[in-house]
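This is what each chain is made of:
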Amino acid sequence: MIEASAPGKVILFGEHFVVKGSRAIATAVDLRARARAERAERGISIDSANLGSSARLSLDLSGTYGPEMAPYVAVLRALRERGYSLIPHRALLTSEMPLSAGLGSSAASSVAYALAYSALHGSPLGERELFEVSLEGERVAHGNPSGIDNAIAVKGGTVVYRRGEAPREVEVRLGGHSLIIVDSGEKRSTREAVEGVLRLADRHWRALEKLYLAADAIVEEAIALLSAGDAEGLGELMNVNHGLLSAVGVSTAKLDLIAHELRRAGALGAKLTGAGRGGCVIAIAQAGRAQRIAEHVKGLGYEAFLSGLGAPGARLETI
Ligand code: PMV
């Protein structure tokens, strides 16, 4: 039996504005997707505990499965193209992340499965191939992914990225502080949120261009504050970034309320993360206070998780 895991991510600054050329910062979080794989007598079976779904395949990859399992079949196809013969096995996929909440659960699951299968085969994929193979899964799930979720799931850490450029590692000195990740429970579509913002930007570009420049300036300053360990400054920038995202129409009453409650309970700052119109809110707080703040929002009926920044990338686990 082999187990591999890979982290989810949150976008700290710059989502949406990154679509039209500004920069964004993303970090790997302490919530992981896991894949366990073991050899079987014949055929391939993949079960996803979170999706409540499974695929039963023969070794030529024909079989029965729903569209939600197609990414893992795409991973196997990509592995076969790279010379990995298909061997009979069973795989169980689990994820600590809520689904469709912008935390990168699908990319992390594809990465974990590709690593577990290649290790079961006897030669675990290296970083570059792991990225490429898992991206085939993400393409099936999301059409035209930027690849940032896969890059973070493979390498972990904290990165700044701009469309069309390779992500660059950012130094983080924030010991003593935690992220709080709160799931609003509202399911959203990244595609619709992105299209809505682009439409608004096109209609009012002279005014909105200033917001895009502001978002990029926030990222610039945040890079300096992350390496200086200035959590208070980062909290302030999170609040401003949330305001920009509200301005372009991707916050909701619930996301605003959660951000407000997190700040009221003592967080240094809070913002929605990812596509918005639902999904998650993140906050930064002193580690000693984070648990109490999380309890406060749990008391309001939301799921909340604590995390550090820059969690380790994909790895094989000893079980
Ligand atoms: O919520 P997520 O993880 O799907 O993030 C979307 C991030 C956007 O900037 C809104 C879109 C993109 O492709 O960068």
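Residues numbered from 1 in each chain as written. Predicted model: local features only at pLDDT ≥ 70, side-chain atom pairs only at ≥ 80, totals over all residues. Heavy atoms only, no water.

Novice: What exactly am I supposed to notice about the nonpolar core here?
Specialist: If you look at soluble globular proteins, the nonpolar side chains tend to sit buried side by side. One finds F13, I46, L76, Y113 and L262 to be the most contacted residues of the largest nonpolar core, which totals 94 residues. When residues no more than four places from it in sequence are discounted, the contact partners of I46 are S53, S54, A55, R56, L57, M69, Y72, L76, A91, L93 and Y113. (Core = buried A, V, L, I, M, F, W, Y, C linked by side-chain atoms within 4.5 Å. Buried < 20%, exposed > 50% of the residue type's maximum accessible area, 1.4 Å probe, protein only. Contact = heavy atoms within 4.5 Å.)

Novice: Teacher, can you tell me more about the packing of helix α1 (residues 70-81) against helix α3 (residues 127-142) here?
Specialist: One way to put it is that α1 packs onto α3 with a least axis distance of 8 Å and a crossing angle of 145°. Crossing angle aside, the handedness with which α1 passes α3 is right-handed. Listed contacts from α3 to A70, P71, A74, V75, A78 and L79 of α1 are V133, S134, E136, G137, V140 and A141. A per-class count over the contact of α1 with α3 returns nine nonpolar, two polar and one charged. (Axes fitted to C-alpha atoms, helices over the stretch in contact; angles between N-to-C directions. Helix = DSSP H or I, 4+ residues; strand = E, 2+ residues; numbered from the N terminus. Left-handed = near helix turned anticlockwise from the far one by under 90°. Nonpolar A, V, L, I, M, F, W, Y, C, P; charged D, E, K, R; others polar.)

Novice: Sorry if this is basic, but what is going on with the pattern of salt bridges here?
Specialist: Pairing between side chains of opposite charge can happen when the charged atoms of each approach one another. Using the criterion set out here, one finds 19 salt bridges in the structure. One salt bridge in this structure joins R128 and E132, with 3.2 Å as the shortest N-O distance. One end of the pair is R128 and the other is E132, both in helix α3 and four residues apart, which spans about a single turn. R128 sits in the exposed class, given a relative accessible area of 63%. One salt-bridge network, in which partners are shared between bridges, spans E3, R34, R36, E96, R315 and E317. (Salt bridge = Lys/Arg side-chain N within 4 Å of Asp/Glu carboxyl O.)

Novice: Please clarify how a negative patch on the surface should be interpreted in this entry.
Specialist: A surface patch of negative charge is lined by E221, D230, E232 and E236. Mapped onto the secondary structure, E221 falls in helix α6 (residues 205-228). By relative accessible area, which is 43% here, E221 ends up partly exposed. (Patch = residues over 30% accessible without salt bridge, like charges linked within 9 Å, V, L, I, M, F, W, Y side chains within 5 Å. Areas by Shrake-Rupley, 256 points an atom, 1.4 Å probe, with all protein chains shown as cover. Lys, Arg positive; Asp, Glu negative; His and termini not counted. Charge placed at Lys NZ, Arg CZ, Asp CG, Glu CD.)

Novice: How should the site of the ligand be read in this particular structure?
Specialist: Close to the ligand lie K9, I11, E15, H16, V18, V19, G102, R188, T190, V194, G274 and A275, which account for all nearby residues. Between A275 and the ligand, the recorded distance is 2.9 Å, taken from a backbone N or O atom to an oxygen atom. Relative to its unbound accessible surface of 380 Å², the ligand loses 83% to contact with the protein. Elements supplying a minimum of two residues to the shell around the ligand: β1 (2-13) and α5 (190-203). Class assignment for the residues of the shell around the ligand results in five nonpolar, four polar and three charged. (Near = heavy atom within 4 Å. Polar contact = N/O pair within 3.5 Å; in protein donor to acceptor, adjacent residues only side chain to side chain.)

From the geometry alone we can't say anything about function, so treat these as descriptive.
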